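# Results of the structural survey
Spelled out, the chains give:
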Amino acid sequence: MEDPAMSVEELSVSQRSDRRSFTALIAGRAVKRRRLQSVEELQQAALQLISHNHNLSDLILEAGSGAEAGGEICEGAAGSGYVPDKNTVGKVGASLLEGELQRQAGELGVPVGVLCVQVVMEKLTGLNLRGSGETAMIDSTQRAELAVLLQAVRELLRVFSPKLLWQQYWKTQPVLEVVYCLHAEEILPLQNLLHSEPAVCVWLVSQLQSLCGCRASDPEDEEVQRRILSAVVSVLVGSGFEDSVDSAVSRSCCSVLDHMLSWLLDSLGNTDPSQSDPPAAAVWLQVFDPALLGVSVSEETLRRFYTHSLTHILTHRPQLKVSDAISMQSQWSFTKTPRLLTDLYCKVCMVFSVEVVLAHLQQVLETHEVNWQNVLSCVSTLLVYQTNTHSCLRELLSRLLTSAFESYDVERMITAFLLARQGALEGPAVFPSYSDWFKVCFGGASGYHGNSKKSLVFLLKFLSDLVPFDPPQYLKVHVMYPPFVSVKHRSLLQEYVSLARTRLADLKVSVEEMGLFEVVSGAAAEDQLQCPAQQDVEKAIALFQSTGRISVTVMEASIFRRPYFLSRFLPVLLTPRVLPETPDTRMAFIEALRKAEKIPAALYSSYTESCLRERQVHRAGVHSSQEQEGNPQILLKAQLQELRRLLSAGAAEGDVRAQLANISHSLYSVCADSPDEPAERTVITLTLDQPPPPHTTAVVNVILQSFCQCVLEACRVSPPHRQGQWAGQFVKMLLGHTKIYTALLHRVSQLLQIQGPSLAAPHVLGLAVFLVELHVCRSSCSPVKLSSPRCICVSPAEALSSVLPSSTKTHMDFSLRLCVCAMCYALCRSSSHTESLSHFIPGHLYKQLMFLVPRLLPETRECVLAVERSVCGGQDEAASVSGWASVTDPTVSVRSSARALWTHSAVRNLQEHPEYQLSFSEWLLAELRVQRSVDALTDTERQVYEHWVCQQWFLPRSVSSGGCGGNTETACSYIINSLLDMSLQPVQDPSAPPHTDSCSTDILSRLQELLWELQFSRDQSRTEREGGHFLWDLIDQRCSATSGPEHMGSELELQRILHTCNRVLLALPAAVLVRVSRVGGRRVLDCRSLIEHINNHQRRVCCPAGVLSCSLTTHFLKAVLSASAGCECPAEAVNASLSQIHLQCPLLLFSAGHWWGFVRPVLCSLWGRLVGGEEPALIQILNDCHQWASRSVGGLCADSSAPAELLAVCLHSELQGGDAECIKSQLMLSERNRQVLVFLLFLYITDFLSAQLSSQGEKSVNHTKDLSGHLLSLLADSSDWLSLFHQSGSGTDLRVRNEEQSIYHCVSMVSTDANIRLMPFAFYSVLSGVDECVMMRASKAPGFLYTVVMSYAALLKLFLHGHTAAISSETPQQILSKAQQIVLKCVRLSPHSALTVSQRSQLEAECAELDPEVTAALSTLHSDDLGFDF
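Quantities reported herein were computed from a predicted structural model and do not represent experimental measurements. (Residues numbered from 1 in each chain as written. Predicted model: local features only at pLDDT ≥ 70, side-chain atom pairs only at ≥ 80, totals over all residues. Heavy atoms only, no water.)

### A closer look at the overall build of the protein chain
If you tally the helices and strands in the protein chain, you get 69 helices and four strands. Out of the 1430 residues in the protein chain, the part that is buried amounts to 50%. Contacts spanning at least 24 positions in sequence make up 76% of the contacts within the protein chain whose residues lie at least 6 apart. Accessible surface, the protein chain as shown: approximately 65,600 Å² in total, 53% of it carbon and sulfur. (Helix = DSSP H or I, 4+ residues; strand = E, 2+ residues; numbered from the N terminus. Buried < 20%, exposed > 50% of the residue type's maximum accessible area, 1.4 Å probe, protein only. Contact = heavy atoms within 4.5 Å. Areas by Shrake-Rupley, 256 points an atom, 1.4 Å probe, with all protein chains shown as cover.)

As structure tokens, this is what we get:
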């Protein structure tokens, strides 16, 4: 027997013999031997045979091919009485092989596993399955033999050592396919190999690259290649991105995937798009196909993998600077990007929405150094492949620019400009051109830079910094379409324009054709003296001292005279000296140049070192003596770990306090605070987008993590009421470190709002304890204010509790868990203190619990209602401790804990305190934030819950307790106000859900129920209600909160409010909009509130002007008809109301006439259902008007007794969409219908102004202008049409037309305020399009000259006040010049009797300061020729 200590390598391989194989021996003797009676006899006979055959290498192959061997044996034994099956023979072979291995291992004195590995390695060597480093696959013959070998190895797993096999095989240059087969046969899992050897990851990367480079010669090899790739990548992705995987294995897997992705990106980066794709890269690209991974990887893991890959792509080799990206961006368009790279972008981004991809892109840009080529080409790919990328990118650019100008962030400005330019590279079909985008963003007074001078300076400085790197096409845009600046800041723009023109001239790009802005004085550059460098430095410092900024001359020299600036100016400026303690002007100037990146880093470093040496001459060794010993953060971690140990060991409270003192001292060192500095009680503003200081981030995370661990350790020892005051002392200790405390509040706020559902149970428990202890010491805390509008200063615990999310099921579960943990902890703490429970619980946290518990636990709703009837008993300590035990027990669900908690009387009785009472309005806002698609309740459950809340909880509850006091009107008011508030709230989170996914539809259903109940109760009571309609009073109050109509901002705000109000109104039953009153014993319709609302608010925001929307028109008229059903004579009530509307609210009837084709079927059907019989008179009149209009358009002239304005509206509706010449041919009405023509002129003038204001295009503007001019030619001999322009105040003293004005007064009740202001502009726009003959006819009409001059004066005032900025493509000078020519022509054409003395005096006084030339022309009308002034 050989030495038992011998190694596997020393075992002899001389055991091979040329004897016959095991199968041959068995098969040859099968028919010759005597009959065997059992399997045991067969096994015993085989053992005797095998003892003479010691070739284990061949024997293991025999066992591996057991099926074939079993077949031969069965065939040979067919003539005998016993025929074993194939499985039996295979098992016998494996058993015999195992026995022989054990026998020989015993003889050799080695473990059987070692011998088995040695035999397998011999066979692997014999099959030549060692790699050369150049291939990762084997041929088909080797593959078949390997399959037989591995089948035998599977039978020997009981005595086999896979780890030892890998150790031996690793020494022979493994082949990836062999490793894959070992993994597939479950012999050697691949995930176990990733951290077995240090070089495994390097080997795996090399093998994967080799595998991708293998060119499959037949389909079998291609399929094997795909299976290997799928299996390996599935293991790497699963092990690298699953939460439960060991961190070392996860890092190894991520490292392999990152190296392969970098290899892929490098191979694609070196590829010309015109060349063919690299085949190896195309193979690895399959990795990003989800089908390759199959079901072995979960969806969440797959998302993490794609997110990680996208980040890696965007940050791969960030070698290019921003300046390089600006210069080279045009080479990174979609068409110039390799196809495989665009395929990679598509595959990685396909699992996310565009919004998510762009949000992640923004996050990467803000937190990483990026590869600008990959970032920008990825954006181009998204724009080309995803249609909604355009709108999402516009929103992202808007957010970036808004944020950049709010914080003056240059990086976000650069990002926005690069992304906008990249989009423009793909053409106008994909994204607007750069010039259009630049004009929209900065071309008007409402641009991002228009709010202050500081913003303007920031923009111009940014553009100036881009000049040396900007391609000429972008410089041309900046010069041709410069940013909007006010007159007083024009010099700032001229400086930039001069700089850009100089750069364009250096690039030999002609700018002569631009000529938009000229330098005021070009002598400055010519008069520059070539002073010595010393004089230049002194002058530059003097200018800096006087202006506080670097002079333009120095900035230009740093760009265009760079050799002189670097070799002469800077060396003189940076002469080493002993720097003063207080920075002087020279130091401030140098610092400004350094921040502007005008001083090279090496030169500045040399300067500072030289100055330091100068200082060390006087103060040598100062800095070395001040070096700190040790790392404060390492010391802090050790001290926190010691605190955790003390709490877990149940140490005395004194020891814990001493350790907290040590921690506090370390915090002073970490954050460079001084314990002697007084703590200032300043207000802390919590925002999500404000990152904490970089040096405090790691410290805050360590503190929070350690606090949560300490809470968990302390609770394992004893319940909270027996732990002492360590948690409170910990929080109070943090209050003394302002920087840490502030950063800690920001971090907790971010965790609660963003990462809450992903927090583990110990973290939630720790945060709950932190909130309670923070509330306990609220008197020592600085007040906190949230960044949302109209927020007041509150305590930190209240502020953090108010941001708890509850919009989705996961958010609700998280918030419920945290609230329950906090309540149980507070209960347990309060059981051993004299303070009540309210001392420990923030009000907002309890309100959140009040919102969640009845919503998620229906069985607790009766407890909520019974709180006022319950008797508050003493606090049971045992119940408090059991409640705390339930939240720390992982086997107890949080809902069970909440259910048990709600049985505690002290918890329910907190509602008796005003600060803990959840009001109806607070509940409504919380419910409206819930997303219906991801709600914890089903639609039916939500309906039942909301009905219970409204009808049983808040409606009967007293007003002092946050309810409605049984008043249905109060409940309706709360609901409407909440709907408006929620819709008008600015979206703080870009990823927040739209209002369409909120519970507003369900809340509207509750509002409908309450309104019907209110309507029914009033009908039954038969009492007259004094005052107006509460619904209209509420809406009018909200609409009246805006400022006057002359402010553009107020009109936009009114549009937003009314848009939301209209959504509410359209969702309500129409009958509730009109009240039925009792007058003189009869029930009549009271439409006053409806009329006032339309006239005061809806009229101002009509779009197009003069017409309500079809839905609103139908709804308002349905309200009149529906409410009439409650009157004794519905037809009479409707006729009376419509007559009142005709006189006092013509806008509603104008809109009805405009939409009559859609409105009539609805109204007729409703009338037939409610009343029946003859239709109301006004409905018949509108029918007649439309029939008359149809006949008139068809050429059949007929008279009608209907009101002229209704005839005009119907005729205008019939003529809409027709050709201009065809319409002109129809406008030949008789003289008796002159009033119809006047109203028709008004409608076309309204269309003209609407087309101007909404930028509908030149064709629409010219169409309406042409028709208005034609109507004017028909009415030129009459003065009726002038009344249209008297509604703004001009001409109201003309008593001769008082009757006509009373006829046309309704036009001012239909027009919007903007249209009324712009009537002078419309007046001159129409007049400029008529010929000389029409002008002469019009000049003879009474009052024409007076109207012309007064309208001209009003037009001048319009331009002076800036109300015509967006109404014409012409410049103001062109418009006013044309208007002045018309005025002067009219003065010449008009007879001397056209004006009275008082009129001429009024006009001269009006135009004296506005236009002296017109005043002089009016003075030519001599007083003795003027008409009498009656």
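### Structural notes on the packing of helix H23 (residues 453-466) against helix H25 (residues 490-506)
At a minimum axis separation of 10 Å, H23 and H25 run at an interaxial angle of 5°. Comparing the axis directions of H23 and H25 gives the class roughly parallel. Of the residues in H25, those touching H23 at Lys453, Leu456, Val457, Leu460, Leu463 and Ser464 are Leu492, Leu493, Tyr496 and Leu499. Across the contact of H23 with H25, the residue classes break down as eight nonpolar, one polar and one charged. (Axes fitted to C-alpha atoms, helices over the stretch in contact; angles between N-to-C directions. Parallel < 35°, antiparallel > 145°, perpendicular 65-115°, else oblique. Nonpolar A, V, L, I, M, F, W, Y, C, P; charged D, E, K, R; others polar.)

### Observations concerning the packing of aromatic side chains
Taken as a whole and judged by the stated rule, the model has 46 aromatic pairs. One aromatic cluster in this structure is built from Phe405, Tyr408, Phe417, Tyr434, Trp437, Phe438, Phe442, Tyr448, Phe458, Phe462 and Tyr474. Seen from the ring of tyrosine 474, arginine 421 lies directly overhead, with NZ or CZ sitting 4.0 Å from the centre. The positively charged end of arginine 594 is found above the aromatic ring belonging to tyrosine 604, 5.4 Å away from the centroid. (Phe/Tyr/Trp six-rings, centres within 6.5 Å; stacked < 30°, edge-to-face > 60°. Lys NZ or Arg CZ within 6 Å of the ring centre and 35° of its normal.)

### Regarding the environment of phenylalanine 840
The residue phenylalanine 840 is located in the loop between helix H40 (809-830) and helix H41 (843-856) in this model. The spacing of phenylalanine 840 and serine 830 is 10 residues in sequence and 7.5 Å in space, taken between C-alpha atoms. Beyond its immediate sequence surroundings of up to four residues, phenylalanine 840 is in contact with Val772, His775, Val776, Ala826, Arg829, Ser830, His833 and Glu835.

### Let's talk about the packing of helix H46 (residues 920-928) against helix H48 (residues 968-984)
Interhelical geometry of H46 versus H48 gives an angle of 40° and a closest axis separation of 9 Å. By the angle class used here, H46 and H48 are oblique. H48 is crossed by H46, and the crossing has right-handed handedness. Facing Phe920, Ser921, Leu924, Leu925 and Leu928 of H46, the residues of H48 in contact are Ala971, Tyr974, Ile975, Ser978, Leu979, Asp981 and Met982. Here the residues of the contact of H46 with H48 are counted per class, giving nine nonpolar, two polar and one charged. (Left-handed = near helix turned anticlockwise from the far one by under 90°.)

### Considerations on the nonpolar core
If you look at the biggest cluster of nonpolar residues, it comprises 252 residues, and the most contacted ones within it are Trp726, Phe730, Leu818, Trp923, Trp1281 and Phe1344. In terms of residues, this core owes the most to one element, H40, which gives 14 residues. Once you skip the residues sitting within four places of it in the chain, leucine 818 turns out to touch Leu752, Val764, Leu767, Ala768, Leu771, Leu804 and Leu845. One finds Phe241, Leu383, Leu418 and Cys441 within the second-largest nonpolar core, a separate group that totals 142 residues. (Core = buried A, V, L, I, M, F, W, Y, C linked by side-chain atoms within 4.5 Å.)

### Let's talk about the pattern of salt bridges
As enumerated under the stated definition, the model contains 43 salt bridges in all. Residue glutamate 591 is joined to arginine 594 by a salt bridge in which the shortest nitrogen-to-oxygen separation is 2.5 Å. Taken as a pair, glutamate 591 and arginine 594 lie in helix H30 (residues 585-595) at a separation of three residues, close to a single helical turn. For arginine 594, a relative accessible area of 33% corresponds to the partly exposed category. Residues joined in a network through salt bridges with shared partners are Arg855, Glu927, Arg932, Asp935, Asp939, Arg942 and Asp1002. (Salt bridge = Lys/Arg side-chain N within 4 Å of Asp/Glu carboxyl O.)

### Side note on H40
For H40, spanning 22 residues, the distance from its first C-alpha to its last is 31 Å, which sits close to the expected 32 Å at 1.5 Å a residue. When you tally the buried positions in H40, you get 18 out of 22 residues, the bulk of the element. (Expected span 1.5 Å × (residues − 1).)

### Examining the pairing of strand E4 (residues 1082-1086)
Inspection of the sheet shows strand E3 (residues 1075-1079) paired to E4 by five bridges, in the antiparallel sense. Bridging from a neighbouring strand, arginine 1075 pairs with aspartate 1086 of E4. Counted along the chain from E3 to the antiparallel partner E4, the turn is two residues long, and its residue glycine 1080 has a positive phi close to 60°. (Pairing = 2+ DSSP bridges.)

### A few points about the confidence of the model for the protein chain
Counting all residues, the mean pLDDT for the protein chain is 79, and 79% of those residues have values of 70 or more. Considering only residues more than four positions removed or in separate chains, one finds that residues 511-532, a stretch of pLDDT under 50, has 28 contacts. Low confidence marks residues 988-993, where pLDDT is under 50. Its contacts with residues over four positions away, or in another chain, come to five contacts. (pLDDT = per-residue confidence, 0-100.)

### Examining the side chain of glutamine 1380
Relative to the assigned elements, glutamine 1380 resides in helix H67 (residues 1372-1389). Discounting chain neighbours no more than four positions away, the residues touching glutamine 1380 are Tyr1352, Asp1411, Glu1413 and Val1414.

### Quick look at helix H53 (residues 1110-1123)
The terminal C-alpha atoms of H53, which comprises 14 residues, lie 20 Å apart, in line with the 20 Å expected from a rise of 1.5 Å per residue. The buried fraction of H53 amounts to 11 of the 14 residues, a majority that puts the element mostly inside the structure. Where H53 is concerned, the buried positions are Leu1112, Thr1113, Thr1114, His1115, Phe1116, Leu1117, Ala1119, Val1120, Leu1121, Ser1122 and Ala1123.

### Focus: unusual backbone geometry
Following cysteine 1103, the chain continues into proline 1104 via a peptide bond in cis, with omega recorded as 0°. For proline 1104, the location among the structural elements is in the loop between helix H52 (1088-1096) and H53. Residue glutamine 173 is not a glycine yet carries a positive backbone phi of 55°. Looking at where glutamine 173 falls in the secondary structure, it is placed in the loop between helix H8 (162-170) and helix H9 (176-184).

### With respect to the environment of serine 1111
Looking at the element boundaries, serine 1111 is found in helix H53. The partly exposed category is assigned to serine 1111, whose relative accessible area is 38%. Along the chain, serine 1111 and tryptophan 1155 lie 44 residues apart, while their C-alpha atoms are 9.5 Å from each other.

### Quick word on the state of the cysteines
One pass over the structure, following the stated rule, counts zero disulfides. Here cysteine 254 stays unpaired: no disulfide links it, and the sulfur of cysteine 253, its closest cysteine neighbor, is 6.8 Å away. (Disulfide = S-S within 2.5 Å.)

### A few points about the environment of cysteine 715
Within the secondary structure, cysteine 715 is located in helix H35 (residues 694-717). For cysteine 715, the residues in contact, after removing those within four places along its chain, are Gln723 and Trp884.

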